[in-house]
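Structural characterization, general
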Protein chains: 2
Amino acid sequence: MTNKPTRTVVSRRARPAKEPLSKELIVETALGLVKSEGSSGLSMRKIAKALDTGPSSLYVYVTNQQELSAYVLDAGLAEVTFSSSDSGTWQSRLLDVLDSYLMVLFDAPGIAELALTTIPVGHNSLGITEYMLQQLNEAGVGATSAAWGIDLLTLYVSSVAFEQTSRNQVGTTLQAVKASYQSLDAKRYPLLMGLREEMTSADGKERFRWGLEVILQGILQRKNEV
Amino acid sequence: MTNKPTRTVVSRRARPAKEPLSKELIVETALGLVKSEGSSGLSMRKIAKALDTGPSSLYVYVTNQQELSAYVLDAGLAEVTFSSSDSGTWQSRLLDVLDSYLMVLFDAPGIAELALTTIPVGHNSLGITEYMLQQLNEAGVGATSAAWGIDLLTLYVSSVAFEQTSRNQVGTTLQAVKASYQSLDAKRYPLLMGLREEMTSADGKERFRWGLEVILQGILQRKNEV
DNA sequence: ACCTGAACACCGTTCAAGT
DNA sequence: ACCTGAACACCGTTCAAGT
């Protein structure tokens, strides 16, 4: 009676043998969801479902959603590329990382929001920060100015990406904004009226570059003053 | 039998006579909740409860939460103060509004998040933008530079406020960040290591001013270039 | 040590039904 | 025209119980 009959346990193998959970697997799955669904993909329940388990299982590897968000952000930032430290000028290197940063935030729409709301503490974001500090260091920018400047630059990139991607997501909203600008009271807001185009335009690259250069010039001018 | 007996309808008057709902009342109530509870106070259900009704009642006056958020943001910005157009220089006036802006976002913690995630379209935010445009106009800054510059400046203020207030809210997180910076690998991140203090410091006013001036100088230098 | 089901206390939004 | 109850389809997190 104790011999094993041909009891096909097929049910458990509907999909490839289930890997055991791990922090890495959870983070990777979450990142995938964020890429495909945007920030709403970062839900404990959706991640659990994608891993074919219950939400409570995740709490063995991650203390809460906030912590998981920080990991996911850092995993996403792994794709930011650096040019090697001897190609071009410090300035071109700096602009290049920031460009790459923007691209990464751009095609994983949910990550931009994370970058803005989550304090980044993983190795990838630390690596990026260190690299940028090197460039400003080379430019002769003092310690405090460099530290605050980097914050300013990354903040700028994140928010540009966020504005852009969140508008794409909503769709209806942008129209609403345009409509409300359309019907502006010319007497109350004459200047705004004249700048309707400029305020609404999301002409991407050009505008992004402009902001970057504005900040950078500002930083260089106050190199050592705090 | 049709005479009214002394039937005390006391129950409906436990609180002062219930005002009928209105968009204004809803927005004002929501703003109150955001001020006292932070961004989590901006919940349809909480607002409804505060108004002693059900959540579905709100949808008569407001199409959805997103739209309500925009109204609440604008109502919050009503407290931003302007100095009159002939006191001091354009620069001092500009810095003053931005200062006031920061203060407002500061003591209504949830609003900073709204400012960052909600596209502002109400009369108050339009008024602030118009006022700032006036100042840059006076400074001789070209149209496009002015438009983009204002965006940059307000973005900066919002994100400084958000970073600050969200850290206060969480509390635990900041310690975690400090801890992770504490245990930084000196070989991997030598520069970051040396700047630990500067990166973590949230010394408010001074840092805020620095960023403002950096951006402003950058804008002035590219007055008319796009 | 790891995983799970079930529960708790929440969400936003819709819609048929009432006044 | 306005308001409501009840339902739908979600949330994050906890915890006793299982292996």
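Residues numbered from 1 in each chain as written. Chains lettered and ligands numbered in written order. Predicted model: local features only at pLDDT ≥ 70, side-chain atom pairs only at ≥ 80, totals over all residues. Heavy atoms only, no water.

Chain A goes by TetR/AcrR family transcriptional regulator in an unreviewed UniProt entry, where it is assigned to Paenibacillus plantarum.

For the rest of this paragraph, the subject is the packing of helix α4 (residues 90-107) of chain A against helix α5 (residues 109-117) of chain A. Angle between the axes and distance between the axes: these two values describe a pair of packed helices. All names here are of chain A. At a minimum axis distance of 4 Å, the contact between α4 and α5 shows a crossing angle of 120 degrees. Relative to α5, α4 is oriented oblique. Listed contacts from α5 to L105, F106 and D107 of α4 are P109, I111, A112 and A115. (Axes fitted to C-alpha atoms, helices over the stretch in contact; angles between N-to-C directions. Helix = DSSP H or I, 4+ residues; strand = E, 2+ residues; numbered from the N terminus. Parallel < 35°, antiparallel > 145°, perpendicular 65-115°, else oblique. Contact = heavy atoms within 4.5 Å.)

This paragraph deals with the relation of the copies chain A and chain B. Between chain A and chain B, the superposition needs a rotation of 180 degrees and an axial shift of 0.0 Å, giving an RMSD of 0.0 Å. Between the two chains, the operation in question is that of a two-fold axis. Minimal C-alpha separation from the rotation axis in chain A is found for G218 of chain A, amounting to 2.2 Å. In this assembly the copies share their binding face: 100% of the residues contributing to the interface of chain A also contribute to that of chain B. (Least-squares fit on C-alpha atoms with pLDDT ≥ 70 in both.)

The subject of this paragraph is the UniProt feature "domain: HTH tetR-type" (unreviewed entry) in chain A. Per the UniProt record, "domain: HTH tetR-type" (unreviewed entry) is found at residues 20-80 of chain A. Strand forms 0% of residues 20-80 of chain A and helix 57%; the C-alpha atoms that close the span are 29 Å apart. (UniProt positions renumbered as here; feature names shortened; annotations may be inferred.)

With that settled, consider helix α11 (residues 205-221) of chain A. In this model, α11 of chain A (17 residues) spans 24 Å end to end at C-alpha, consistent with the 24 Å of a helix rising 1.5 Å per residue. All of the buried residues in α11 of chain A are R207, F208, W210, G211, L212, V214, I215, L216, G218 and I219 of chain A. (Expected span 1.5 Å × (residues − 1). Buried < 20%, exposed > 50% of the residue type's maximum accessible area, 1.4 Å probe, protein only.)

Another aspect to go through is the UniProt feature "DNA-binding region" (unreviewed entry) in chain A. The sites that carry the UniProt feature "DNA-binding region" (unreviewed entry) are, in the present numbering, residues 43-62 of chain A. Annotated as 35% helix and 0% strand, the span residues 43-62 of chain A places its first and last C-alpha atoms 13 Å apart.

With that out of the way, let us pick up the interface of chain A and chain B. Contact with chain A, which involves 56 residues of that partner, is made by 56 residues of chain B. Around 5500 Å² of area is buried between chain A and chain B when both sides are counted, 67% of it from carbon and sulfur atoms. In this assembly, chain A and chain B are joined by 4 salt bridges. As a salt-bridge pair, E213 of chain B and R222 of chain A come within 2.7 Å of each other at their nearest N and O atoms. (Buried area = accessible area lost by both parts, 1.4 Å probe. Salt bridge = Lys/Arg side-chain N within 4 Å of Asp/Glu carboxyl O.)

Bringing the pattern of salt bridges into the picture now. Scanning all chains against the criterion turns up 13 salt bridges over all chains. For D151 of chain B, the salt bridge is made with R207 of chain A, and the minimal N-O distance between the two is 2.4 Å. One end of the pair, D151 of chain B, is in helix α7 (residues 143-170); the other, R207 of chain A, is in helix α11, on a second chain. Beyond isolated ion pairs, a larger network of salt bridges with shared partners links D99, K205 and R209 of chain B.

Take the protein's contact with DNA strand D next. As a matter of local geometry, DNA strand D sits amid 17 residues, with R45 and Q65 of chain A together with T53, S56 and Y61 of chain B nearest to it. A share of 49% is what sugar and phosphate atoms reach among the atoms of DNA strand D within 4 Å of the protein. In the model, a phosphate oxygen of DNA strand D is placed 2.8 Å from a nitrogen or oxygen of the Y59 of chain A side chain. The separation between a phosphate oxygen of DNA strand D and a polar side-chain atom of Y61 of chain B is 2.4 Å. The biggest single contributor to the surface near DNA strand D is helix α2 (residues 44-50) of chain A, with 3 residues. (Near = heavy atom within 4 Å. Polar contact = N/O pair within 3.5 Å; in protein donor to acceptor, adjacent residues only side chain to side chain.)

In the vicinity of DNA strand C there are 17 residues, among which T53, S56 and Y61 of chain A together with R45 and Q65 of chain B approach most closely. Counting only the atoms of DNA strand C within 4 Å of the protein, the fraction contributed by sugar and phosphate is 52%. A distance of 3.1 Å separates a phosphate oxygen of DNA strand C from a polar side-chain atom of S57 of chain A. Y61 of chain A is positioned such that a nitrogen or oxygen atom in its side chain is 2.4 Å from a phosphate oxygen of DNA strand C. When residues in the surface near DNA strand C are grouped by element, the largest group, 3 residues, is from helix α2 (residues 44-50) of chain B. Looking at the surface near DNA strand C, its residues break down into 6 nonpolar, 7 polar and 4 charged. (Nonpolar A, V, L, I, M, F, W, Y, C, P; charged D, E, K, R; others polar.)

To continue, consider the domain arrangement of chain A. All names here are of chain A. Assigned domains within chain A: domain 1 (18-77) and domain 2 (85-221). Facing 15 residues of domain 1, the contacting portion of domain 2 comprises 19 residues. Across the interface of domain 1 and domain 2, roughly 1300 Å² is buried in total on both sides, 71% from carbon and sulfur atoms. Contact with domain 2 buries area across many residues of domain 1, yet L73, D74 and L77 alone supply 48% of it, more than any other trio. In this assembly, domain 1 and domain 2 are joined by 0 salt bridges. Here domain 1 and domain 2 share 5 residue pairs in polar contact (both at pLDDT 80 or more) between them. Listing elements by their share of the side of domain 1 that touches domain 2, those giving two or more residues are α1 (23-37) and α3 (65-77). At 8 residues, α3 tops the list of elements feeding residues into the side of domain 1 that touches domain 2. Split by residue class, the side of domain 1 that touches domain 2 holds 8 nonpolar, 4 polar and 3 charged. (Domains from an automatic or database assignment.)

This part takes up the packing of helix α4 (residues 90-107) of chain B against helix α11 (residues 205-221) of chain B. Residues and elements named next belong to chain B. Orientation of α4 relative to α11, taken along the N-to-C sense of each, is 135 degrees, at an axis distance of 12 Å. In terms of orientation, α4 lies oblique with respect to α11. When you trace α4 past α11, the crossing you get is right-handed. Residue-level contacts link W90, Q91, L94, L95, L98, D99, L102 and M103 of α4 to K205, F208, R209, L212, L216 and L220 of α11. Taken together, the residues of the contact of α4 with α11 sort by class into 10 nonpolar, 1 polar and 3 charged. (Left-handed = near helix turned anticlockwise from the far one by under 90°.)

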